[in-house]
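Residue strings, one per chain:
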Amino acid sequence: MNPFKVTTLNEFILNSQAQFPDAEGDLTHLLHHVGTAAKIVNREVNKAGLVDILGEMGTSNIQGEDQKKLDVFANDHFINSLHSCGEVCAIASEENESFILFDDDVARKGKYVFLMDPLDGSSNIDVNVSIGTIFSIYKRKSPIGEKATMDDFLQPGTEQVAAGYILYGSSTMLVYTTGQGINGFTLDPSIGEYCLSNTLIKTPENGTIYSINEGNYLKFPAGVKQYIKYCQEKDEKSHRPYSSRYIGSLVSDIHRNLLKGGIFMYPVIDNAPHGKLRLLYECNPIAFIIEQAGGRATDGKNRIMETKPLSLHQRTPFFCGSSNMVNKVEEFIQVFG
Ligand code: AHG
Ligand code: MN
Ligand code: MN
Ligand code: MN
């Protein structure tokens, strides 16, 4: 690749759209607005500490979580940016109990519904640890021109037309897929453009990193405990013991494991009998990305993206990453429960 050739996100999207002559550019337009909203959030994340954007809002969301100012800031900006693009007829967000209907003449003609975790890893905001945004896009099922319905959102992850995340880290990256592989774009603040930096990312089928909140160890199912023990045993041939790496921001943990290989696990625990992570706007989009990179994403038994959603904020146990590592933990769960 020409070391001086810079491919911007817009150029990349237009080039890839050219492969689909019947494409009308609406998804292209939508993704452009995702990038714009992320630049605004990135600007505040990078100034956090200098401006009054840290700390609690003093409100809580439908999850019963205390909302951080940046949770609400990110939520508002993504909603505004996606409403103004006219391609989205409604949005579901971690921060809102029901979906947000865009009921004006333009947006009612939008072909897509958008689901998001506007700020992932909120517990890390005030301590300057990487955080992210996760999004998932579906074609609506309800007739164009009419009001969006809950059925537009309760589609299995296999129906996603696009999904991705933004990682506000040492550099800000946008990683997304439309089902043709996954590519990573790094924001160059000096020109305000996302530039292609990771082409057609593939995740190793084996890794030496396991990511889980071991503070919950005593509450894990027996199979998960046995798998953690397996990760910690010495076995040169399979490069064990593995390294334990856990940041507490799903996007950061996933991005590291995607590039290096590894497994991320959030199993059921007693105060989270269905797991903690949300199916629609955390697990499905991450699963789409990981599967496009050659990895696997399951609930410990079944493919995450085939889960039939019953409610917007439903939770699921989540095991995802290098395919052989996910296979192995599933073996332990099958034997030990
Ligand atoms: P969010 O900040 O969007 O509510 O998500 C937090 C999630 C996810 O980012 C992370 O993997 C997980 O919570 C960490 O949970 P624990 O602190 O229970 O380990
Ligand atoms: Mn939250
Ligand atoms: Mn989250
Ligand atoms: Mn969140």
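Look above for the structure.
Because the structure is a prediction, the values reported are computed rather than measured.

For Arg278, the location among the structural elements is in the loop between strand S13 (263-266) and helix H7 (279-292). Separated by 3.3 Å, the side chains of Arg278 and Glu94 make a polar contact. In this structure Arg278 touches Gln63, Glu65, Glu94, Cys283, His313, Gln314 and Arg315, once residues within four positions along its chain are discounted.

Moving on: the pairing of strand S7 (residues 162-168). Burial analysis of S7 places 7 of its 7 residues in the buried class, the great majority of the element. On S7, burial covers both faces: Ala162, Gly164, Ile166 and Tyr168 on one face and Ala163, Tyr165 and Leu167 on the other are all buried. Examined bridge by bridge, strand S6 (residues 131-139) and S7 share 7 bridges and lie antiparallel to one another. Considered in S7, the bridge of Ile131 is made with Tyr168.

Tracing the chain through its elements places Gly262 in the loop between helix H6 (250-260) and S13. Gly262 gets classed as buried once you look at its relative accessible area, which sits at 0%. Separated by 58 residues in sequence, Gly262 and Cys320 place their C-alpha atoms 8.5 Å apart. Apart from the residues lying within four places of it in its own chain, the contact partners of Gly262 are Gly207, Ile209, Asn257, Cys320, Gly321, Ser322 and Met325.

A few words on the sheet that holds strand S11 (residues 209-211). Strand order across the open sheet formed by 5 strands is S12-S11-S13-S15-S14, with mixed pairing between neighbours. Across the chains shown, the open sheet's two edge strands, defined by having one partner strand only, are strand S12 (243-244) and strand S14 (296-298). The pairing of S14 with strand S15 (residues 318-321) spans 3 bridges and is antiparallel. Looking across to S15, one finds that Ala297 is bridged to Cys320. Across the sheet, helix H5 (residues 222-232) touches S11, S13 and S15, and the angle it forms with S11 is around 150°.

Moving on, we come to the packing of helix H1 (residues 9-17) against helix H2 (residues 26-47). Here H1 crosses H2 at 165°, and the two axes come no closer than 10 Å. It follows from the interaxial angle that H1 and H2 lie roughly antiparallel. Helix-helix and strand crossings are classified by hand; for H1 and H2 the assignment is right-handed. Between H1 and H2, the residues in contact are Asn10, Ile13, Leu14 and Gln17 and Thr28, Leu31 and His32, respectively. Residue classes in the contact of H1 with H2 are distributed as 3 nonpolar, 4 polar and no charged.

What surrounds ligand 1 is a group of 18 residues, the closest being Asp120, Gly121, Ser122, Tyr246 and Tyr266. Backbone polar atom of Gly121 to an oxygen atom of ligand 1: 2.8 Å apart, as the coordinates give it. Within the contact set of ligand 1, an oxygen atom lies 2.9 Å away from a side-chain nitrogen or oxygen of Lys276. Protein contacts shield 86% of the accessible area of ligand 1, which totals 470 Å² for the unbound molecule. The set of elements that each furnish at least two residues to the shell around ligand 1 consists of strand S5 (112-120) and S13. Looking at the shell around ligand 1 element by element, the count peaks at 3 residues for S5. Each of domain 1 (9-198) and domain 2 (209-336) accounts for three or more of the residues forming the shell around ligand 1.

Definitions and cut-offs
Residues numbered from 1 in each chain as written. Chains lettered and ligands numbered in written order. Predicted model: local features only at pLDDT ≥ 70, side-chain atom pairs only at ≥ 80, totals over all residues. Heavy atoms only, no water. Helix = DSSP H or I, 4+ residues; strand = E, 2+ residues; numbered from the N terminus. Polar contact = N/O pair within 3.5 Å; in protein donor to acceptor, adjacent residues only side chain to side chain. Contact = heavy atoms within 4.5 Å. Buried < 20%, exposed > 50% of the residue type's maximum accessible area, 1.4 Å probe, protein only. Pairing = 2+ DSSP bridges. Axes fitted to C-alpha atoms, helices over the stretch in contact; angles between N-to-C directions. Parallel < 35°, antiparallel > 145°, perpendicular 65-115°, else oblique. Left-handed = near helix turned anticlockwise from the far one by under 90°. Nonpolar A, V, L, I, M, F, W, Y, C, P; charged D, E, K, R; others polar. Near = heavy atom within 4 Å. Areas by Shrake-Rupley, 256 points an atom, 1.4 Å probe, with all protein chains shown as cover. Domains from an automatic or database assignment.

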